[in-house]
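The lines below spell out each chain.
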Amino acid sequence: MGRFWERFGRGIRVGAGIGVATFVLGVTFGALTQRLGWGPIAPVVCSALVFSGSAQFAIATALAGGGGVALAVGAASLINARYVPMGISVASTLHGGPLRRGFEAQALADAPWLAAHQGNGVYDRDVLFGAGITQYPAWVLGSAVGVLTAPPPDIVERFGLDLVFPGFFVVLLLDELRRSRQALGAGVLGGVIASGLLLVTAPGPALIGSAAAAAIGVRGKRKARTAES
C-alpha cells in the first residue's frame, strides 16, 4: 500500500504542474465561448461532460466558422479518436471488470498518459491516477473562471491567452512530426489541404477535410506491418 501512495503522490506532483497549464487553457476556452455567444452554462457543462480541451476547441472552431452541429461533432470525434490506441495501451494495467475498468479509464488524458509511461509500452496505473485526478478540476474550474470573468479582447491579447490554444496544438504536432516520415508527410499534407479549403469554405469544413491526410499515416503503418511479416 505504501508503494501505491508513493507512485500516486508522484503522479499528483507531475499532474499539479500540468494542471496549471490545464487551468489556463480552460480559462481560454471559457472566455472564447462567451465571445461566441454560448452563454454561461453550456461551456461549463461541456467541460464537465466532454473533458477534452482539443475536442472542445475543435467544436468551438467549427461552429464559429459556420459549420453545423454535425461538422462540430465530426471534428471532435476525429480528434478524440486518439484515445482508442491510448486506451488499448493502458488496458492491461487497469483492474476489475468492464465497469470498473471503464471508470478507471476516465483518468486517461494526454498529460497523465505521458506521465504514466515507463518506457517500452509499460504504464504505471498509480501514476496515471495521480496525474489524472488533478486535470479534471483544473479544466472545469478554468472553464468556469473564463466564463465568469470573460476577459475582454484586449486583455486576452495582452496576456497571450489567444495563443494558448494554437500553441497547445503546435506542441502536440511538433512532438508527432519527429516520429516518422509518414507523420511529417501527413502533417504537411493536412496543412496544405486545410489552407486550400479555407480559400473556398469556412474553417469548420476545412478542419474536417484536412483529416484526409491521416490516410498517409495509416498507409505507412500497413506497409511497416507488411514488411515485418
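Further up the page is the structure itself.
The numbering scheme is per chain: residues are counted from 1 as the chain's sequence reads. pLDDT decides what is reported in this predicted model: residues at 70 or higher carry local features, side-chain atom pairs at 80 or more are listed and counted, and totals for whole chains, interfaces and linings draw on all residues regardless. In computing side-chain properties, one takes all heavy atoms of the structure into account and sets aside hydrogens as well as water.

**Overview of the pattern of salt bridges**
Put simply, a salt bridge is a Lys or Arg side-chain nitrogen that is within 4 Å of an Asp or Glu carboxyl oxygen. This model, assessed by the stated rule, comprises six salt bridges. In this structure, D124 and R10 form a salt bridge, with 3.8 Å as the shortest nitrogen-oxygen distance. Here R10 lies in helix α1 (residues 2-35) and D124 lies in the loop between β2 (122-123) and α8 (125-149), a separation of 114 residues in the sequence. Connected through shared salt-bridge partners, R7, R10, R100, E104, D124, R125 and D126 make up one network. Numbering goes from the N terminus for both helices and strands, where a helix is a DSSP run of H or I of at least four residues and a strand is a run of E of at least two.

**Here's the deal with the side chain of T33**
In this fold, T33 is placed in helix α1. What makes T33 buried here is its relative accessible area of 0%. Excluding residues within four positions of it along the chain, T33 makes contact with W38, P43 and V147. Note on classification: 1.4 Å probe, protein chains only; a residue is buried when its accessible area is under 20% of the maximum for its type, exposed when over 50%, partly exposed between these limits. Whether two residues touch is decided by their heavy atoms; if any such pair falls within 4.5 Å, the residues are in contact.

**Notes on the side chain of Q56**
Inspection of the secondary structure assignment puts Q56 in helix α3 (residues 53-64). The term polar contact refers here to a pair of N or O atoms within 3.5 Å; inside protein, the definition further demands a hydrogen-donor-capable atom paired with an acceptor-capable atom, and it admits residues adjacent in sequence only when both atoms are side-chain atoms. Polar contacts involving the side chain of Q56 include one to the main-chain amide nitrogen of F51, which spans 3.4 Å. Filtering out sequence-adjacent residues up to four positions away, Q56 remains in contact with F29, C46, S47, V50, F51 and W139.

**Comments concerning a nonpolar patch on the surface**
Patch criteria: residues need more than 30% relative accessible area and no salt bridge. Like-charged residues are merged within 9 Å; nonpolar side chains of Val, Leu, Ile, Met, Phe, Trp and Tyr are merged within 5 Å. The protein chains shown are the only cover counted for residues, whose accessible areas, like all others here, come from Shrake-Rupley with a 1.4 Å probe. On the surface, I41, V45, L49 and V50 cluster together into a nonpolar patch covering about 390 Å² of accessible area. As for its placement among the helices and strands, V50 is situated in helix α2 (residues 42-50).

In short, geometric facts, not functional conclusions.
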